[in-house]
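Topology and contacts: notes
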Amino acid sequence: MSLSGKTALVSGGNRGIGRAIVERLAREGSKVLFLGRNERENRQVEAEINRLYPDAVRGFAVDVADEAAVNDWFAAVAEQYDSLDILVNNAGICQLSKSFTEVSDADWAATLGVNLYGVIHLTRQIIPRMKNAHGGKIVHVASLAAEVGGIATAADYVGSKAAVIGLTKSLARELAPYQINVNAVAPGFVRTQMTEAMAVDESIIPLGRMAEPEDIASAVYFLVSEESRCITGTTLDINGGLFM
Ligand code: NAD
C-alpha cells in the first residue's frame, strides 16, 4: 500500500468524485480526513469506508467557503495530526442555466466562494505544514469546461475553474523548491449528482462513455503517489477524448 503512513485531506468527500477519492486513498493505506457539508452523509460515508478499511477515514462538516470555519477546523483538528501530506481540493458547486447577464454578483460570490476561495482557504492553511514536512502533494479538481468553454450558461462555474487551473501553475512554481507538487485534474462528464440533470449524450464522447467517479479517483491517486514525483503544474484531462 503505497500511501501507508500518509494523512490526506479531501474536500467534498461525502459523495460523487470526492467520495471515490476518499475510498481510493484509504485503500492505498492513507488516513483520510474529509470535509463535506452534510453531516448525515459524512457519517454514512465514514461508516461504509471504515467497514472496509478500519479507522481509515473521518468526516467533518465544514463549509470550505467560510475562511473562519476552515481556520477553526485546522486549529482544532488538523493540529492533532503529525502531518498532512496530501490535499485534494475537490469540493465544488455548479449552478447551470443562467445566461451571463442573469448571473448576479451573489451567484458569482456563491460559486467563487466554494470553487475558488474554498481552494484558497485550505491551501493557505496546509502550505506551512507541508513546508515543515519538506514535501507534500496538492491536487485540485478543475474541469474540462474551463479548458474548452464547453458549457454555455455557466460563466461563473467556468471562470472559477479557469482560475483554479491558473492557480495550479502559479502555486506549482512557487512551491517546487519545497518539494510540494501541485497539479489539477480536469474531468469531462462524470456520473454524479452534479450531472444527473444534464442528460449527457454519451455518443459525443469518443470513448463512448462518461467517466465514473472512480476514474477520477485513479488519476488523483497517481498524482498524490510517488509515481508522479516529477510532475507538477500540470492539468490532467480525464474526458474520454472529448474536445481533443
Ligand atoms: P457533487 O455535487 O456530487 O459533490 C460535491 C461535493 O462537494 C459534496 O461532497 C459536497 O458536500 C461538497 N461541497 C459543496 N459545497 C461545499 C462547501 N461549501 N464546503 C464543503 N464541501 C462542499 O459533485 P461532483 O460531481 O462529485 O463534483 C466534485 C468536483 O468535481 C467539483 O469540484 C466539480 O466541479 C468537479 N467536476 C465535476 C464534473 C462532473 O461531471 N460531475 C466534471 C468536472 C468537474
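Note that this is a predicted model, so its numbers are computed, not measured. (Residues numbered from 1 in each chain as written. Predicted model: local features only at pLDDT ≥ 70, side-chain atom pairs only at ≥ 80, totals over all residues. Heavy atoms only, no water.)

A short note on unusual backbone geometry
- Within the chain, H134 stands out as a residue other than glycine whose phi angle is a positive 60 degrees.
- Along the chain, H134 turns up in the loop between α4 (105-132) and β5 (136-141).
- Located in the positive-phi region is Q179, a residue other than glycine, with phi close to 60 degrees.
- Its place among the elements puts Q179 in the loop between α6 (155-175) and β6 (180-187).
- By relative accessible area, Q179 is classed as exposed at 56%. (Helix = DSSP H or I, 4+ residues; strand = E, 2+ residues; numbered from the N terminus. Buried < 20%, exposed > 50% of the residue type's maximum accessible area, 1.4 Å probe, protein only.)

A word on the site of the ligand
- Taken together, the neighbourhood of the ligand is formed by 29 residues, with N14, R15, N90, Y157 and T192 sitting nearest.
- A distance of 3.4 Å separates an oxygen atom of the ligand from a polar atom in the backbone of R37.
- The cavity where the ligand resides is the largest pocket.
- Secondary-structure elements contributing two or more residues to the shell around the ligand are α1 (16-27) and α6.
- A class-by-class count of the residues in the shell around the ligand yields 13 nonpolar, 12 polar and 4 charged. (Near = heavy atom within 4 Å. Polar contact = N/O pair within 3.5 Å; in protein donor to acceptor, adjacent residues only side chain to side chain. 1 Å grid on protein atoms, 1.4 Å probe; cavity = no way out; pocket = protein on both sides within 12 Å on 5 of 7 lines; lining within 4 Å. Sits in = over half its atoms within 2 Å of the grid points. Nonpolar A, V, L, I, M, F, W, Y, C, P; charged D, E, K, R; others polar.)

As for the packing of aromatic side chains
- According to the stated counting rule, one finds 3 aromatic pairs in the structure shown.
- Considering the side-chain rings of F60 and W73, the 5.4 Å spacing of their centres and the 70 degrees angle between planes classify their relative orientation as edge-to-face. Placement of F60 in strand β3 (residues 57-60) and of W73 in helix α3 (residues 67-76) is noted, with a sequence separation of 13 residues between them.
- The class of F60 is buried, set by a relative accessible area of 11%.
- Overall, the relative accessible area of 6% leaves W73 in the buried class. (Phe/Tyr/Trp six-rings, centres within 6.5 Å; stacked < 30°, edge-to-face > 60°.)

Some details on the side chain of T235
- Structurally, T235 is set in strand β7 (residues 235-238).
- When residues no more than four places from it in sequence are discounted, the contact partners of T235 are E147, I165, A184, V185 and A186. (Contact = heavy atoms within 4.5 Å.)

A closer look at the sheet that holds β7
- Read across the open sheet, the 7 strands follow the order β3-β2-β1-β4-β5-β6-β7; overall the sheet is parallel. On the outer flanks of this sheet lie β3 and β7, each paired with one strand and no other. The sheet shows a mean angle of 15 degrees between the axes of neighbouring strands, taken without regard to direction.
- Both strand β1 (residues 7-11) and strand β4 (residues 86-89) contribute to a ladder of 3 bridges, which runs parallel. When the sheet's bridge partners are listed, A8 is paired in β4 with I86.
- Lying on the sheet, α1 is in contact with β1, β2 (31-35), β3, β4 and β5; it crosses β1 at an angle near 170 degrees. (Pairing = 2+ DSSP bridges. Axes fitted to C-alpha atoms, helices over the stretch in contact; angles between N-to-C directions.)

Shape descriptors only; they carry no functional weight alone.
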